[in-house]
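This is what each chain is made of:
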Amino acid sequence: MTPAAALQHPFAPFGIVALGALALYVTSFRDLLNGIWGTDQQGHGPLVLAISLWLLWRKGPELLALPDQPARGAGWGCFAIAMLLSAFGRTQGIQMFEVGSLIWLVVSALLLFRGSAALKVVWFPLFFMLFMVPLPGGVVDTRTQPMKLAVSTVAEWILWNVGYPVARTGVILQVGPYQLLVADACAGLNTLLTLEALGLLYLNLVRHESALRNITLAILIVPISFAANVIRVIALTLITYHFGDEAGQGFLHGFAGMVLFMAALMLIIAADTATRAVVRMRTAPPA
């Protein structure tokens, strides 16, 4: 394909915008990967971004099928907001603004090329991108402490009732000769939001026709996320009790993070299966 023909391709405008965005945000992404995206609390950021881009790519044919009705006023307005947020967040070290500006940039491109109808087509990928935006530290701290206390309380109750010598002081679990601090990464607000994103992605991919089933699953995602956090804390406690403190804080600590997401996914699938059975019972014709 010649360069002239490539520029005539329907995807060409979006490709040019993507290259421009990459050039604009490459420094931001590098700093994020070496900083907050490299921590346990915000390690889901790159994954959320990758999934969001994949979801946008899947919607490509639908976007190209839309009539060419650009909303230039709204589009340039969103572009100006994106640039202001990016510049202010970058210079002032406010990562919430810096990362959030990318969403405004995508919105502006969609409005400029296809108009408001494009936003209706890709509303879920845009919404999903919100989960990669770092929250203010004050908000995270005030919401995380009660969650850690609740998770550690439930974990202690379960372990005690199955016969383990466990006691709790605040968010510190004492099991045998070992003490474990339930950290933010084990039961914090960011972990809960990551699991919420996983549940909503599952709902979007399976696309049930039953509104009752979708609503029920959306509501159940919150207790499922809490239960997955409890399972992770219990797993770490058992690893530490049986294999020692080094195992609990070493490689197996990272493995417990995988347990968290696998447990959440299995619980979501189990809840979906149970919900399907209930819906079938409600909609089945009388015998």
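Scroll up a little and you will see the structure.
Residues numbered from 1 in each chain as written. Predicted model: local features only at pLDDT ≥ 70, side-chain atom pairs only at ≥ 80, totals over all residues. Heavy atoms only, no water.

Caption draft 1: Molecular detail of the environment of Ser101. Mapped onto the elements of the fold, Ser101 is located in helix α6 (residues 95-113). Relative accessible area serves as the criterion here: at 0%, Ser101 is assigned to the buried category. A sequence separation of 16 residues divides Ser101 from Leu85, and the C-alpha atoms of the two residues are 5.4 Å apart. Leave out the neighbours within four places in its chain, and Ser101 touches Tyr25, Ala82, Leu85 and Ser86. Looking at Ser101, its side chain comes within polar contact range of the main-chain oxygen of Glu98, at 2.7 Å. (Helix = DSSP H or I, 4+ residues; strand = E, 2+ residues; numbered from the N terminus. Buried < 20%, exposed > 50% of the residue type's maximum accessible area, 1.4 Å probe, protein only. Contact = heavy atoms within 4.5 Å. Polar contact = N/O pair within 3.5 Å; in protein donor to acceptor, adjacent residues only side chain to side chain.)

Caption draft 2: Focus on the pattern of salt bridges. In total, this model carries 5 salt bridges according to the counting rule given. The partner of Asp31 in a salt bridge is Arg30, with the nearest N and O atoms 3.4 Å apart. For Arg30, a relative accessible area of 48% corresponds to the partly exposed category. Close ionic contact of Glu98 with Arg90 constitutes a salt bridge, the shortest N to O distance being 3.3 Å. Using a relative accessible area of 35% as the deciding quantity, one classes Arg90 as partly exposed. Within the structure, one salt-bridge network assembled from shared partners comprises Arg30, Asp31, Arg90 and Glu98. (Salt bridge = Lys/Arg side-chain N within 4 Å of Asp/Glu carboxyl O.)

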